[in-house]
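# Commentary on secondary and tertiary structure
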Amino acid sequence: MDYMNAKEAADKWGLSVRRVQVLCEQGRVDGVERLGNVWLIPKSAEKPLDGRTREVKKQKQQPK
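A brief look at the structure comes next. Quick caveat: nothing in here was measured; it's all calculated off a predicted structure.

### Description of helix H2 (residues 17-25)
Think of an α-helix as turning once every 3.6 residues; residues three or four places apart then point the same way. Within the span of H2, buried status applies to Val20, Val22, Leu23 and Cys24. Summarising the contacts, the buried residues of H2 are in contact with helix H1 (6-13) and strand S3 (38-42). Positive backbone phi, at 75°, marks Gly27, one or two positions downstream of H2.

As structure tokens, this is what we get:
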């Protein structure tokens, strides 16, 4: 599996490096692994949805 670091993910997703690190710490990125002080993010990983958007709020309100 190919991996990218937080800097590469930040460039790909249009976020800051720190924001990507926080998303990894919170477990919001699928398949992420930590090696020492480096986050290994699968290149196929999708950008997590922003919880402040209408789309996410609608998903939370729908009964499961």
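### Observations regarding the sheet that holds strand S2 (residues 33-35)
Reading across the sheet, the 3 strands line up as S1-S3-S2 and stay open at both edges, with antiparallel pairing between neighbours. Whereas interior strands pair on both sides, the edge strands pair on one side only; in this sheet they are strand S1 (3-4) and S2. Note that S2 and S3 share 3 bridges and pair antiparallel. What sits directly across from Glu33, in S3, is Leu40.

### Digging into the nonpolar core
Buried together is how nonpolar side chains tend to be arranged in soluble globular proteins. Counting 12 residues, the largest nonpolar core consists of Met4, Ala6, Ala9, Ala10, Trp13, Val20, Leu23, Cys24, Val29, Trp39, Ile41 and Ala45. Only H1, H2 and S3 provide two or more residues apiece to this core. Counting residues per element, this core draws most heavily on H1, at 4 residues. If sequence neighbours within four positions are ignored, Val29 has contacts with Trp13, Leu23, Cys24, Ile41, Ala45 and Pro48.

### Things to note about the pattern of salt bridges
For the coordinates displayed, the defined rule picks out 2 salt bridges. The residue Lys7 makes a salt bridge to Asp11 at a minimum N-O spacing of 3.2 Å. Here Asp11 and Lys7 lie together in helix H1, a separation of 4 residues that amounts to about one turn. Overall, the relative accessible area of 47% leaves Lys7 in the partly exposed class. Among the salt bridges present, the one from Glu25 reaches Arg18, with a minimum N-O distance of 3.6 Å. Residue Arg18 is classed as partly exposed on the basis of its relative accessible area of 48%.

Conventions adopted
In this convention, every chain numbers its residues from 1, walking through the sequence in written order. Where totals are concerned, whole chains, interfaces and linings use all residues; where local detail is concerned, this predicted model gives features only for residues with pLDDT of at least 70, and gives and counts side-chain atom pairs only at 80 or more. To get the side-chain values, all heavy atoms of the structure are used, and hydrogens and water are removed first. Here's how the labels work: a residue is buried when its accessible area is under 20% of the maximum for its type, exposed when over 50%, partly exposed in between, all with a 1.4 Å probe on protein chains only. A run of DSSP states H or I qualifies as a helix once it reaches four residues; a run of E qualifies as a strand once it reaches two. Both are numbered from the N-terminal end. We call two residues in contact whenever any of their non-hydrogen atoms come within 4.5 Å of each other. Any two strands with at least two DSSP-identified bridges between them are counted as paired. Note on terminology: a nonpolar core comprises buried Ala, Val, Leu, Ile, Met, Phe, Trp, Tyr and Cys residues joined through side-chain atoms within 4.5 Å. We count a salt bridge whenever a side-chain nitrogen from Lys or Arg sits within 4 Å of a carboxyl oxygen from Asp or Glu.

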